Each structure stands twice: as structure tokens, then as C-alpha cells.
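Examination of the molecular architecture
Letter by letter, the chains look like this.
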Amino acid sequence: MRLLVTSALRSMLLLSAFALSFTANIAFASGNNPCAANPCAANPCAANPCAANPCAANPCAANPCAANPCAANPCAANPCAANPCAANMNPCAVKAITRPVSYTPMKGNHKALAAMGKKLFHDASLSTNGGSCATCHADHGLFKSTFLQPYPHRVSMAKSRFGLNSIHLDEMVQLCMVVPMESKPLLWNSKELAALVAYVEDVQQSFIAEHAAKK
Ligand code: HEC
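Attention in this report is confined to the structure presented alongside it. (Residues numbered from 1 in each chain as written. Predicted model: local features only at pLDDT ≥ 70, side-chain atom pairs only at ≥ 80, totals over all residues.)

Looking now at the environment of His 137. Along the chain, His 137 falls in helix 4 (residues 133-137). Note: C-alpha distance between His 137 and His 122 (15 residues apart in sequence) is 9.7 Å. Here His 137 is in contact with Leu 142 and Phe 143, once residues within four sequence places are set aside. (Helix = DSSP H or I, 4+ residues; strand = E, 2+ residues; numbered from the N terminus. Contact = placed C-beta atoms within 7 Å.)

What follows is the structure, given as C-alpha cells:
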């Protein structure tokens, strides 16, 4: 009985370890586009092997003299505790807000783009939750001191949500499109993205001026 239980547990753990390393392999193997086969589409932790702890019902409860195979609980260290596909660090979510390799931002007249960007900044149809950029950022709302620095720079939300140590302005716009706006990133070469970037550049200048005036 003991042998059976331990070997069953061992193969469960081996299986889950295999599932984890298998998904990691996909991430590295698919070349240019790591998201062609989204390694997180099939969440290796969807069926958490420790969800139903095999030691919850102690197989030795009936026989107090047997050596309890659950003394060292194989689920104490839950292999899914750090889910590699947790939404925040999903390698495909990071990819979606990171500049593509061959990226040429749409160029145009700054003033005209900024005027269009100002409209988009107040446009709630860009989000799926009824919010617009202005809902959070009107009158410099929610901007922290990092916004004073030239881009790229570190933004705490980019670090905590995506593990990025530094971020460009266009990537920050995409991050806010995906996270607080709960929407999709804009097309990288789109006029919309260029417009929002141009407008936010102006907002950044007025944020810097306001900060300098306060000193
Ligand atoms: C629900 C609130 C919310 C909405 C809506 C939102 N953001 Fe943000 N945004 C934040 C928060 C919170 C931060 C601060 C992140 C930090 O400093 O860690 C931020 C930071 C920023 C930053 C500055 C980061 C820096 O310090 O350099 C920019 C630029 C930005 N957002 C642009 C946008 C744009 C453009 C939109 C609309 C597409 C938008 N945001 C929508 C919450 C929001």
C-alpha cells in the first residue's frame, strides 16, 4: 500500500514537472514570435496536482503502526504556487506591450498628432470598461515622479506587472491600454498610437513645468 501511494505521488509530481519544462521549451523553441504558440494557452497549472491534496485523507489513519507516507507531504511545496502563466508575467502579455523588433513609429506633424491624441485621451471607447485615459490622468492625476524623467525609464507598474526594468512612452501607452483600460494594444504603426504619444509628450512637458514651479 505504502509503495503504491508513494509511487503514484511521485509520478504525479514528475508529470507536473514535465508539463512545466515542456511549456518552457515551447517558449524558447518557436523562434521569432514567441507567442505564435502561446505557452500559456494551456495553463500548466489549470489542473493543479495539489488542489486535491493526496495526503488530506491520511492513508495510514487506519493503521497507527505503519510508517506514514504523508509524513513528508509531497504537496508541501506546491509546484503551482508560482504559476508561470499568472496573467501578470505571461510572456505573451509582456510581448504585446513591448516594441516589435522592426518597429517604425508613424511619423507626422507633432501639433496635429497631439490634437488628435487629446481627443483619444478623453475617448472612453478605447477601453472596454467605460474609462478613458483622462478618467485617471486628468490634471496630471496618478502620474508619479518617474514621469518627470525622459523615456525610457523605470515605471513601478511596468516592473510589478510585467517585470520590465525600463519602458518607452509608446510601450507605457500600450500598457495602460491593456491593464487599466482592459483593452487591446493599439497597432504599433497606427496614427492613434502616434497621436496618444504626441499628446502625452505635451502632458509630460506641462507636468515637468508644474513640478518645477512648485519647487
Ligand atoms: C484606471 C486608471 C488608468 C487609466 C484609465 C490609464 N492609466 Fe495610465 N497609469 C495609471 C497608473 C496607476 C499609472 C502609474 C503607474 C506607476 O507609476 O507605477 C499610470 C501611468 C501612466 C503613464 C506614466 C508612467 C511614467 O511614470 O512614466 C503614462 C504615460 C500613462 N499612464 C498613459 C496612459 C494612457 C495614454 C492611457 C489611456 C490609453 C492611460 N494611461 C490610462 C492608471 C491608468
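So, next bit.
The next subject is the site of the ligand. Among the 22 residues in the neighbourhood of the ligand, the closest are listed as Cys 133, Cys 136, Met 157, Cys 176 and Pro 180. Listed by contribution, the elements that provide at least two residues to the shell around the ligand are helix 4, helix 5 (156-162), helix 6 (169-178) and helix 7 (191-214). Each residue belonging to the shell around the ligand can be placed in one class, and the counts come to 16 nonpolar, 5 polar and 1 charged. (Near = placed C-beta within 6 Å. Nonpolar A, V, L, I, M, F, W, Y, C, P; charged D, E, K, R; others polar.)

Let's shift gears to the nonpolar core. Judged by nonpolar contacts, the single largest core of 26 residues is most densely connected at Val 173 and Leu 196. The residues touching Leu 196, leaving out its near neighbours within four places in the chain, are Gly 117, Leu 120, Phe 121 and Val 173. (Core = buried A, V, L, I, M, F, W, Y, C linked by C-beta atoms within 7 Å. Buried ≥ 20, exposed ≤ 12 C-beta atoms within 10 Å, placed from the backbone.)

A few words on helix 7. Compared with an ideal rise of 1.5 Å per residue, which puts 24 residues at 34 Å, helix 7 spans 35 Å between its outermost C-alpha atoms and is within 8% of the ideal. Of all the positions in helix 7, only Leu 193, Ala 194, Ala 195, Leu 196, Val 197, Ala 198, Tyr 199 and Val 200 are classed as buried. Buried-residue contacts for helix 7 involve helix 3 (110-121) and helix 6. (Expected span 1.5 Å × (residues − 1).)

We now examine unusual backbone geometry. Pro 152 follows Tyr 151 through a cis peptide bond whose omega is -5°. Structurally, the position occupied by Pro 152 is in the loop between helix 4 and helix 5. A positive phi is found at His 140, a non-glycine position, where the angle reads about 65°. Inspection of the secondary structure puts His 140 in the loop between helix 4 and helix 5. For Glu 182, which is not glycine, the phi dihedral falls at a positive 50°. Residue position: Glu 182 is located in the loop between helix 6 and helix 7.

What follows covers the packing of helix 3 against helix 7. Interaxial distance between helix 3 and helix 7 falls to 7 Å at its minimum, and their mutual angle equals 95°. On the basis of the axis angle, helix 3 is roughly perpendicular to helix 7. When helix 3 is examined against helix 7, the residues His 110, Leu 113, Ala 114, Met 116, Gly 117, Lys 118, Leu 120 and Phe 121 are found in contact with a partner set consisting of Glu 192, Ala 194, Ala 195, Leu 196, Ala 198, Tyr 199 and Asp 202. Broken down by class, the residue content of the contact of helix 3 with helix 7 amounts to 10 nonpolar, 2 polar and 3 charged. (Axes fitted to C-alpha atoms, helices over the stretch in contact; angles between N-to-C directions. Parallel < 35°, antiparallel > 145°, perpendicular 65-115°, else oblique.)

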